[in-house]
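# Structural features, examined
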Amino acid sequence: MERTKFQKALELTASVVGVTALLITAVGFPQVGFAVALVASTLYGIYGYLTKQYGIMVSSAIYGIVEVIGVIKWVFLSGKGS
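Below, the structure is looked at part by part. Everything quoted here is computed from the prediction, not taken from an experiment.

Unusually for a residue other than glycine, Lys52 sits at a positive phi of about 60°. Along the chain, Lys52 turns up in the loop between helix H2 (30-50) and helix H3 (54-76).

Listed below in structure tokens is the structure:
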């Protein structure tokens, strides 16, 4: 299946956003990192839908759930990790 320019750009953008999220988290800002990672998962989910790669959609949803839990833990439960 040949991907459109938009799909290729979306895949690249999702990858860059995902790596950026990892770097933000690694340097000590997990609150921001989880939020950025949630954006990346959303982009990957859209990419999976557009390319009919439903496994990517499912894994994006699972990652999204983990990221929402991370945001709740680090932002709303005071970031103590308890």
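Next comes the rest of the account.
Between its terminal C-alpha atoms H3 stretches 32 Å, which fits the 33 Å expected from 23 residues at 1.5 Å a residue. Check the buried side of H3 and you find it contacts H2.

Right, let's talk about the side chain of Gln7 for a bit. As for its position among the elements, Gln7 is in helix H1 (residues 5-26). A relative accessible area of 10% means that Gln7 is categorised as buried. Looking at Gln7, its side chain comes within polar contact range of the main-chain oxygen of Leu50, at 3.2 Å.

What counts as what
- Residues numbered from 1 in each chain as written.
- Predicted model: local features only at pLDDT ≥ 70, side-chain atom pairs only at ≥ 80, totals over all residues.
- Heavy atoms only, no water.
- Helix = DSSP H or I, 4+ residues; strand = E, 2+ residues; numbered from the N terminus.
- Expected span 1.5 Å × (residues − 1).
- Contact = heavy atoms within 4.5 Å.
- Buried < 20%, exposed > 50% of the residue type's maximum accessible area, 1.4 Å probe, protein only.
- Polar contact = N/O pair within 3.5 Å; in protein donor to acceptor, adjacent residues only side chain to side chain.

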